[in-house]
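The primary structure of each chain is shown beneath.
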Amino acid sequence: MARRGQPTEDPDDLSVHDLIDGPTEILTRETLDAIRRPAPSGHDLSAEQTHDLTAAAAEATRDLSNTGPATRGRERVELPRMPAAGALYRRALLGALPGIGGGRRGPGLPAVELTVGGVTVDRAHLADYDRVCGFRLTDRLPATFPHVMGFPLSLRLMTAPDFPLPLTGLVHVGNRITVHRPITADETLDFTTYAQDLRPHDRGRQVDVVLVGSVAGEEVWRGVSTYLARESTPGGGERRDRGERPEAPAGTARWRVEPRVGTAYARVSGDHNPIHTSLLGARLFGFRRPIAHGMWSKARCLAALENRLPDAYTVEVAFKLPVPLPSTVSFALLPDGGFALHDSRGRPHLAGLVR
């Protein structure tokens, strides 16, 4: 993010790697008071206190009381219910405040996996999600819907004090989902999440956060989200010379993405990141205007492919340029299961593959 008084590049020509460099918001007293204020009684008790998610701390933590046998070296921690995202975002914001949140980070990934059982589908919620993302209204869950159902659990893992990367400033750079069989709205899911493959990147570090959905002990769905934490690295972080950009594929559909997409997707996903919903919030993070959520873009592409998808498949995407709100985008089908989303100038927003 450029400093005041320095020349800036056109944000529309920059990728998410170039644009997102952590929060710059100056918090008011009212904002700080709201952050510190406890959530209403009975609302996500597990997130109102700060707990290490190491095996030793998990055994001593009331809300993470049911620990199970180790799985691949990780301690299993059963939560009594799905966490609430609001309290977790407050924790993340507090952790980013100098002198308030501490700033301690573990040197590696926490050896823990979190699990919540008995998660049911709210059909009204599913219908709202389908409408916002363009899916048909059916009892079959879109491939991206379990991600929304289980994301608060992953967020709980990522906001733990010993998680090595701070949530604020993380960039979602890729997502892979495997659907093992169709999932219907009358099924009850158990979710498990853990982190793996913390690795260096020329702009910092990357990590994969895995979310698994099971029915009666059978894995039916798996999602892997790749996040980048921008950090100063010796000799790294320089903007790549992109050279000649390949010609954009011919579009098969054009979509007008209106500003309400940001707030509508926040409502159905529970992710109220201000870069998607607020002009001021977007500008505080270096964007001229709000941007569409990457998982909305992926869901919208899958909705366009809905009639072509088999019962079992894997779909992976790489998130490229953000989709500013409002804007017009072009969706293209590619050979061998590929698809892409481009802007009106032919620059890529998303590249995906179904296999």
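Asker: How do you make sense of the nonpolar core when you look at a structure like this?
Answerer: Inside soluble globular proteins, nonpolar side chains tend to come together where they are buried. One finds Tyr129, Tyr265 and Phe339 to be the most contacted residues of the largest nonpolar core, which totals 68 residues. With 8 residues, the single largest contributor to this core is helix α6 (residues 145–158). Those residues in contact with Phe339 that lie beyond four places of it in its chain are Cys301, Leu305, Val315, Val317, Phe331, Ala332, Leu334, Leu350, Ala351, Gly352, Leu353 and Val354. Counting residues in hydrophobic clusters, the runner-up holds 5 residues, among them Ala282, Phe285, Phe287 and Ile291.

Asker: Could you clarify how one ought to interpret the packing of aromatic side chains in this entry?
Answerer: Given two aromatic rings, one states the distance between the centres and the angle between the planes to describe the pair. Following the criterion strictly, the structure yields 5 aromatic pairs and no others. For the ring pair Tyr129 and Phe145, a centre distance of 5.1 Å and an interplane angle of 65 degrees mean the geometry is edge-to-face. One end of the pair, Tyr129, is in helix α5 (residues 123–133); the other, Phe145, is in helix α6, and 16 residues separate them in sequence. When its relative accessible area of 1% is taken as the criterion, Phe145 is described as buried. Residues Tyr129 and Tyr265 carry aromatic rings whose centres are separated by 6.4 Å and whose planes lie at 50 degrees to one another, so their mutual orientation is tilted. Taken together, the residues span a long stretch of sequence, with Tyr129 in helix α5 and Tyr265 in helix α7 (residues 260–269) at a distance of 136 residues.

Asker: Would you mind showing me how to read the pairing of strand β3 (residues 112–119) here?
Answerer: The buried count for β3 comes to 6 of 8 residues, which makes it a mostly enclosed element. Relative to β3, strand β2 (residues 74–78) runs parallel, the two sharing 4 bridges. Looking across to β3, one finds that Arg76 is bridged to Glu113. One ladder, built from 4 bridges, connects β3 with strand β5 (residues 189–201); its direction is antiparallel. The partner of Val116 across the bridge, within β5, is Phe191.

Asker: How should the side chain of His293 be read in this particular structure?
Answerer: On the secondary structure map, His293 appears in the loop between α9 (279–284) and α10 (294–304). The exposure class of His293 is buried, given its relative accessible area of 13%. A distance of 2.8 Å separates polar atoms of two side chains, one belonging to His293 and the other to Asp271. A polar contact of 3.0 Å, which involves the side chain of His293, links it to the backbone nitrogen of Met295.

Asker: What is the right way to read the pattern of salt bridges from this model?
Answerer: By the definition in use, this model includes 15 salt bridges. One salt bridge connects Arg267 with Asp128, and the closest N-O pair in it is separated by 3.6 Å. Of this pair, Arg267 sits in helix α7 while Asp128 sits in helix α5, placing them 139 residues apart in sequence. For Glu219, the salt bridge is made with Arg222, and the minimal N-O distance between the two is 2.8 Å.

Asker: Is there a simple way to explain the environment of Gly134 in this structure?
Answerer: Position of Gly134 among the secondary structure elements: in the loop between α5 and α6. On the basis of relative accessibility, which here comes to 39%, the residue Gly134 falls in the partly exposed class. In the structure, Gly134 is positioned 172 residues away from Glu306 in sequence and 9.7 Å away in space, judged by C-alpha atoms.

What counts, and at which threshold
Residues numbered from 1 in each chain as written. Predicted model: local features only at pLDDT ≥ 70, side-chain atom pairs only at ≥ 80, totals over all residues. Heavy atoms only, no water. Core = buried A, V, L, I, M, F, W, Y, C linked by side-chain atoms within 4.5 Å. Buried < 20%, exposed > 50% of the residue type's maximum accessible area, 1.4 Å probe, protein only. Helix = DSSP H or I, 4+ residues; strand = E, 2+ residues; numbered from the N terminus. Contact = heavy atoms within 4.5 Å. Phe/Tyr/Trp six-rings, centres within 6.5 Å; stacked < 30°, edge-to-face > 60°. Pairing = 2+ DSSP bridges. Polar contact = N/O pair within 3.5 Å; in protein donor to acceptor, adjacent residues only side chain to side chain. Salt bridge = Lys/Arg side-chain N within 4 Å of Asp/Glu carboxyl O.

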